[in-house]
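This is what each chain is made of:
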Amino acid sequence: MKKFYLLLLLFCVFNFSASGQSKEKKIDSLFSARNNVYQEVVYAHLNKSIYVKGEMLAFTAYVFDKNTKKLSNETNNLYCTITDEHKNIVESKLFKVEKGIVDGYFMITDSIKSGSYTFTSYTNWMRNFSQKNFFSDKFKVIDSESIYYSKKVVKDFSIDAQFLPESGHLLDGVVNTVGVVIKDTLGLGVANLKGRILDDKDNFITSFQVNQNGIGRFSFIPNYLNTYKAEINNRNKLITVNITEPIQKKGVLLKVSRNKENALISVKTNNSSKLNKRYSLTFHNGKELNTIDIDFKNKSVLTTKIPFKNLPRGITVFTLFNEQENPIAERLFFNYHKLNIIKSTNTFLKKEEDSVNATLQFTQKNIGFNNVSVSVLPKTTNSYKKNTNIISQVLVQPFVKGVIENADYYFKDFNERKIQELDNLLITQGWSSYDWKDMFIENDTLKYKFERGISIKVNISKVKKKSKYFIHSLSNKPPLMIEFDEEVKSFSHTDYFPMDDEKLYISKVRRKGNLAQPNIHIEFNINKIPSIKNLYGEVAIAPNYFSSENFVDFSNFEKLNKTDVLDEVVIKVNLDKKRKDSVRGRTFGRVFFLNDLDRNQTLANFLDFRPAFRAYDDWKTGYLVVYNKRKDNSAPAIFLDGFQVFTFDMLYGYFLDTVDYIDIDTESMWGNGGVIKIVTDPKRFTNNRPTVKEVKFPVSFTKPKKFYIPKYENYKNAIYKKFGVIDWLPINKIDENGQLSLDIRTNQHDDITLYIEGITKNGDFILEEKTITLKE
């Protein structure tokens, strides 16, 4: 983000003083020292917010550079947890992020009881910062097998009304703006209530009305000699709430408003306050801080305007400091300028027997790298009630202390009314998440490390003058040969991404090249999934309110049966054949999958039985000798787990007990004598010839999995329409023609709704709900 140097010129109505420059420098330098550190923000698009046991909680997570608001290329490790209402971790996993994106899942098994849970995703690095850069949101689990009848919630019409001055306090004799928040007993906003403000003599002062989220505002001129109250009409009952905020006789207010093209910032005092002291106004977006020295010089109001184009998109935090550098007022302001939300214009459908292809046409073309995640649910669904979205999580949530209810509302089809309502929301948030007391603590250290994969440290028990070790390949990491010509007690290596139950295998290479089990001890930099402190909490999922108790029948959900289990067994049986066919399909050579008899010999013996080769172990030189009789007795190129073996001493007496298959291409142009590729399976070794050290990773990464769609007995009943799931599409791209092609698995014909979220390379957001009619 460029420094807002142009903004300094716009504050010409303020008086500047050289005496204030030392204070300005101190605030600037401390802020810069603490915030000039790379930070991230994560958002997870969950496919639902209410799950039935047996379903899959699926998500796509997006990790952003907090400064640029674009996808991060730095992060690899993302932790995700499910916690219950007592903050106990129920499930936890580690996922590998690539180019800022990862999709994952949790199965909602029988071990997860019915109730309310919190999904949280974060990196280890995020644990260093107090702002809510991590993602968390509540979801519910309902049980279709044991809880056939579920009570609906009966609404308690009690309310809690709060009145929050724009500057954090009221000032006598000038116009004050006050935010209003009205919540119910669950902490959820009460919609559309009206109220009026009265003084202590019941004189009418002004009126207000809150929006659907229970948030509004009013303005009035308070008198410090009076007290004030609000009368709120709640279901034709007048409820009186006292405004307890004290009214200061002297002081300063910070006010922020807007016109069509500018943010209007005012620092205001009253006639009773003869202010000869100097104040400082700072404004920042979490990265760049600007500080301006203010001197009233007998003026009561100082106002300036800042064009939106000169402010960053999203939140700017304005803070007013007194002469002792204590913050006395703060205001959050959201700039919609430069906020580009990409939406589709047309939809083209192509129906198949059990699926439909929906092609969404966007106006923007050639947008480059992007990803779109799509949850597909019945139009009548009751299971997608989220309190955040990709825009609010990235642009708003890291700056506020609390959590925002129904944040999606402020960024969906926004207009002047939505802009005003978001501003009302920000007034009610009070102080930002940037704690200035913490900001001024110097020499702060970052306790938690930035992680890229898993690192290992190999401690050697018996140190020798020379040693050689072979670290076998993982599914996404090639093998590594490490050789030392001096005594070493340990060595380290980084960037391991073991998937699921994948293990680490290390062999010691003997002097003649054969492998042996090493006497080593291995340490890992990650030994468990860390927890993150959540001081913010989450907004409760809004229930369906009813005036009387009622019941919902969940008995029509189809239960998992033995046929499903049998299908799983059949699939597993076919996996080995599928794997072998896949290996053979990737090579021009001949692939030999070894059986137990094949493995009871050396490589030399195996190759010597191949018609094209002559091979033997030369005991005089300690080398494997092998040449291609059909290629002028030329030596072949030999690869071991993708690692080319240039000297054949390590292949002398090489036993095949750990080999999975050997790929031989006698005509390959890579080597004059052809190519031999040896692929090992280090889990195989004989009891009397252990050749590897097998170590389990304390924590491993979870592979993405194809989304499981439950089967339902009836696609017409109310239960399916409220809680059923149609499909989840986590990784999708808008092509260069601006088209998003979605293959949706569905065998029902009612209307469906697509809940679409995503991001482009340039940081433009994709946010849309789109209903599609499938009826003929």
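About the criteria used
Residues numbered from 1 in each chain as written. Predicted model: local features only at pLDDT ≥ 70, side-chain atom pairs only at ≥ 80, totals over all residues. Heavy atoms only, no water. Helix = DSSP H or I, 4+ residues; strand = E, 2+ residues; numbered from the N terminus. Buried < 20%, exposed > 50% of the residue type's maximum accessible area, 1.4 Å probe, protein only. Contact = heavy atoms within 4.5 Å. Areas by Shrake-Rupley, 256 points an atom, 1.4 Å probe, with all protein chains shown as cover. 1 Å grid on protein atoms, 1.4 Å probe; cavity = no way out; pocket = protein on both sides within 12 Å on 5 of 7 lines; lining within 4 Å. Points joined across faces, edges and corners; volume = space filled by probe spheres on them. Nonpolar A, V, L, I, M, F, W, Y, C, P; charged D, E, K, R; others polar. Pairing = 2+ DSSP bridges. Axes fitted to C-alpha atoms, helices over the stretch in contact; angles between N-to-C directions. Salt bridge = Lys/Arg side-chain N within 4 Å of Asp/Glu carboxyl O. Patch = residues over 30% accessible without salt bridge, like charges linked within 9 Å, V, L, I, M, F, W, Y side chains within 5 Å. Lys, Arg positive; Asp, Glu negative; His and termini not counted. Charge placed at Lys NZ, Arg CZ, Asp CG, Glu CD. Core = buried A, V, L, I, M, F, W, Y, C linked by side-chain atoms within 4.5 Å. pLDDT = per-residue confidence, 0-100. Phe/Tyr/Trp six-rings, centres within 6.5 Å; stacked < 30°, edge-to-face > 60°. Lys NZ or Arg CZ within 6 Å of the ring centre and 35° of its normal.

Regarding its fold elements, the protein chain presents nine helices and 51 strands. Split into buried and exposed, the 776 residues of the protein chain put 54% on the buried side. For the protein chain, the proportion of contacts with a sequence separation of at least 24, taken over those separated by at least 6, is 71%. Of the roughly 37200 Å² of accessible surface on the protein chain, a fraction of 48% belongs to carbon and sulfur atoms.

Time to look at empty space enclosed by the protein. Over the atoms, a rolling probe the size of a water molecule traces out where space has been left empty. Under the definition given, this model contains seven cavities of 30 Å³ or more. The computed volume of the largest cavity comes to approximately 110 Å³. Lining the largest cavity we find 13 residues, and of these Asn387, Thr388, Gln397, Val403 and Ile404 sit closest to its centre. When contributions to the lining of the largest cavity are tallied by element, the ones reaching two or more residues are strand E8 (135-142) and helix H3 (390-395). A per-class count over the lining of the largest cavity returns four nonpolar, six polar and three charged.

Before going further, it helps to spend a moment on the sheet that holds strand E13 (residues 176-183). Whenever strands of a sheet pair, they do so through backbone hydrogen bonds, lying parallel or antiparallel. Strand order across the open sheet formed by three strands is E11-E13-E16, with antiparallel pairing between neighbours. Across the chains shown, the open sheet's two edge strands, defined by having one partner strand only, are strand E11 (160-165) and strand E16 (215-220). Averaged over all adjacent pairs, the angle separating strand axes in this sheet is 25 degrees, with direction ignored. One ladder, built from six bridges, connects E13 with E16; its direction is antiparallel. Of the residues in E16, the one forming a bridge with Asn176 is Phe220. This element, helix H5 (residues 416-429), spans E11, E13 and E16 of the sheet and lies at about 80 degrees to E16.

This brings us to the pairing of strand E14 (residues 194-199). The pairing of E14 with strand E15 (residues 204-209) spans five bridges and is antiparallel. Paired with Leu198 across the two strands is Phe204, which belongs to E15. Following E14, the chain reverses through four residues before pairing antiparallel with E15; Asp202 in that reversal takes a positive phi of roughly 65 degrees.

As a working rule, side chains carrying opposite charge can pair if their charged atoms are close by. All chains considered together, the criterion is met by 23 salt bridges. Lys379 is the partner of Asp751 in a salt bridge, and the nearest nitrogen-oxygen pair spans 3.9 Å. In this pair, Asp751 is assigned in the loop between strand E49 (739-745) and strand E50 (752-760) and Lys379 in the loop between strand E30 (370-378) and H3, connecting sequence segments 372 residues apart. Across the pair Glu769 and Lys412 runs a salt bridge whose closest N-O atoms are separated by 3.2 Å. With Glu769 in strand E51 (residues 765-772) and Lys412 in the loop between helix H4 (408-411) and H5, this residue pair connects regions lying 357 residues apart in the sequence. Look at Glu769 and you get partly exposed, because its relative accessible area is 38%. What emerges from the salt-bridge pattern is a single network uniting Glu166, Arg217, Lys255, Arg331 and Asp423.

Here we take up the side chain of Thr702. Looking at the secondary structure, you find Thr702 in the loop between strand E47 (693-696) and helix H9 (718-723). Here Thr702 is in contact with Lys93, Leu94, Phe95, Tyr105, Met499 and Asp500, once residues within four sequence places are set aside.

To continue, consider a negative patch on the surface. A cluster of like negative charges, contributed by Glu352, Glu353, Asp354 and Asp743, occupies part of the molecular surface. In this fold, Glu352 is placed in the loop between strand E28 (344-351) and strand E29 (355-362). Judged by its relative accessible area of 47%, Glu352 falls in the partly exposed class.

With that settled, consider the nonpolar core. Most often, soluble globular proteins have nonpolar side chains that are buried together. Within the largest apolar cluster, 87 residues are counted, with the highest numbers of intra-cluster contacts made by Leu57, Phe119, Phe334 and Phe411. Sorting elements by how many residues they give to this core places strand E3 (residues 56-65) first, with six residues. Listed in part, the 32 residues of the second largest apolar core include Tyr712, Tyr720, Leu729 and Ile766.

Below, the discussion takes up the confidence of the model for the protein chain. Per-residue confidence for the protein chain gives a mean pLDDT of 85; residues scoring 70 or more make up 88%. For residues 1-23, every residue scores under 50 in pLDDT, and the model assigns this stretch 59 contacts once sequence neighbours within four places are set aside. The low-confidence segment residues 558-573 (pLDDT under 50) makes seven contacts with residues lying over four places distant or belonging to another chain.

This paragraph deals with the packing of aromatic side chains. Tallying each qualifying case throughout the model produces 36 aromatic pairs. Between Tyr336 and Phe411, the ring centres sit 6.3 Å apart and the planes meet at 45 degrees, which makes this aromatic pair tilted. Placement of Tyr336 in the loop between strand E26 (327-335) and strand E27 (341-342) and of Phe411 in helix H4 is noted, with a sequence separation of 75 residues between them. Given the relative accessible area of 9%, Tyr336 is considered buried. Taken together, a centroid distance of 5.1 Å and an interplanar angle of 50 degrees make the contact between Phe593 and Tyr661 tilted. Of this pair, Phe593 sits in strand E40 (residues 590-593) while Tyr661 is found in strand E45 (residues 659-665), placing the two residues 68 residues apart along the sequence. A relative accessible area of 16% means that Phe593 is categorised as buried. Exposure remark for Tyr661: the relative accessible area of 12% places this residue in the buried category. In this arrangement the basic side chain of Lys418 is found over the ring face of Tyr409, its NZ or CZ atom lying 4.5 Å from the centre.

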